[in-house]
Amino acid sequence: MLEHCFDKVLYFVYYVAMTKQEKQLDTKSSSGNSLKNSFLLLLTAIIWGTSFVAQAAGMEYIGPFTFSVVRYILGGTILIPVIYVMRKQNEKKGEKNGDIRLSIHHGIVCGIILCAASNFQQMAMLKASTGKAGFITALYIIMVPVICIFLKKKTSPIIWVSVLLALIGLYFLCIGRGKSFILELPDIQLLICSLIFSFHILYINHANKDKVDGVVMSSTQFLVAAVISLIFVYPIDCSVYKMAPSAELILSALPALCYSGFMACGVAYTLQILGQKDVNPTVASLIMSLESVVSALSGFVILGQKLTVDEIIGCVIMFVAIILAELPIKSKRKDYVTFRSIEN
């Protein structure tokens, strides 16, 4: 059964990656590619949203850094045969492969950023409520355009309206009216996580301007994140959280690790790298923030959790924000970054 699932995931990643490379050959259809890339980012949000259940289940047995080590090894290794097949296929077709050295270089940087962001999230999820975790992590939707200001990139007013709507939607979805919001240590960890994820999104946008191989870059970042996470297993998991790993405990968490490693990492993060091409990073962060909506819906479908009125309102506002950001509105200002263009 596990081998069958592995084959399905491997084929899915290969199919998406090959389809993506074929689409890039037609430079005249950039607007169409932008919509297709947005759909890839939507798939990313769906997978990430459903992976919250797997993360929570897995950490009932193992510590946050142990969880990261295993899932990133799974996510990185599943892409290695995909890379081999893709590059051989491109050679047969006479197509040029992405620069592997440059891809590995960007993958190493992404791996360092990803390791920091995801492990802050993992540590926080040991104590933080799901609502707060979803709300604070998705604050990258406001951090990305703010950071863009310091990078001298201007964002169109319609995107700022979408960001504000999404922030309101996230509040209704994850916290709700009349509930207190007290900042605790896990919340601070999640804020740090959100800030680092913002830089991860922006760096991928920067890396995609080079002729990189997205799958090589993705596999590299997972393996780098796994190695760095391994360094902190003993000082954090064993000494601080008293959650020393063992083969028995890892096997108990294996179903959650497989979903998180193969799908949330191997598939979703690769879709993020491929999907962010030709998409404004602020819009990309808005689309991916839908993971909070998916998280609430998956809790309803999988765990039988009921959606409150506030959560339903939050979902609706979030969808409105994303649709607004996707509208191909022409801007009179050529220096604005809109959905269709990214300023170099």
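**Examining the environment of T308**
Here T308 shows up in the loop between helix 14 (291–302) and helix 15 (309–326). T308 sits in the partly exposed class, given a relative accessible area of 41%. Considered as a pair, T308 and L173 are 135 residues apart in the sequence and their alpha carbons are 8.7 Å apart.

**Considering empty space enclosed by the protein**
Taken as a whole and judged by the stated rule, the model has three cavities of 30 Å³ or more. Considering only enclosed or pocket space, the largest cavity measures out at about 200 Å³ in volume. W48, Q121, F197, Y269 and E291 are, among the 16 residues lining the largest cavity, the residues nearest its centre. For the lining of the largest cavity, the elements supplying multiple residues, two or more each, are helix 2 (30–58), helix 8 (185–207) and helix 12 (254–275). Looking at the lining of the largest cavity element by element, the count peaks at four residues for helix 2. Split into classes, the residues belonging to the lining of the largest cavity amount to eight nonpolar, six polar and two charged.

**Examining the confidence of the model for the chain**
For the chain, the mean per-residue pLDDT works out to 81, and 83% of the residues sit at or above 70. Here residues 1–6 is a poorly scored stretch, pLDDT under 50, and it has three contacts once near neighbours within four places are set aside; other chains count.

**Here's the deal with the packing of aromatic side chains**
The tally for this structure, following the rule as stated, stands at five aromatic pairs. Relative to Y269, the ring of W48 lies with its centre 4.9 Å away and its plane at 55°, an arrangement referred to as tilted. With W48 in helix 2 and Y269 in helix 12, this residue pair connects regions lying 221 residues apart in the sequence. Both residues of the pair, W48 and Y269, belong to the buried class. What links up through ring pairs into an aromatic cluster is the set W48, Y72, F222 and Y269.

Reading the values: rules and limits
Residues numbered from 1 in each chain as written. Predicted model: local features only at pLDDT ≥ 70, side-chain atom pairs only at ≥ 80, totals over all residues. Heavy atoms only, no water. Helix = DSSP H or I, 4+ residues; strand = E, 2+ residues; numbered from the N terminus. Buried < 20%, exposed > 50% of the residue type's maximum accessible area, 1.4 Å probe, protein only. 1 Å grid on protein atoms, 1.4 Å probe; cavity = no way out; pocket = protein on both sides within 12 Å on 5 of 7 lines; lining within 4 Å. Points joined across faces, edges and corners; volume = space filled by probe spheres on them. Nonpolar A, V, L, I, M, F, W, Y, C, P; charged D, E, K, R; others polar. pLDDT = per-residue confidence, 0-100. Contact = heavy atoms within 4.5 Å. Phe/Tyr/Trp six-rings, centres within 6.5 Å; stacked < 30°, edge-to-face > 60°.

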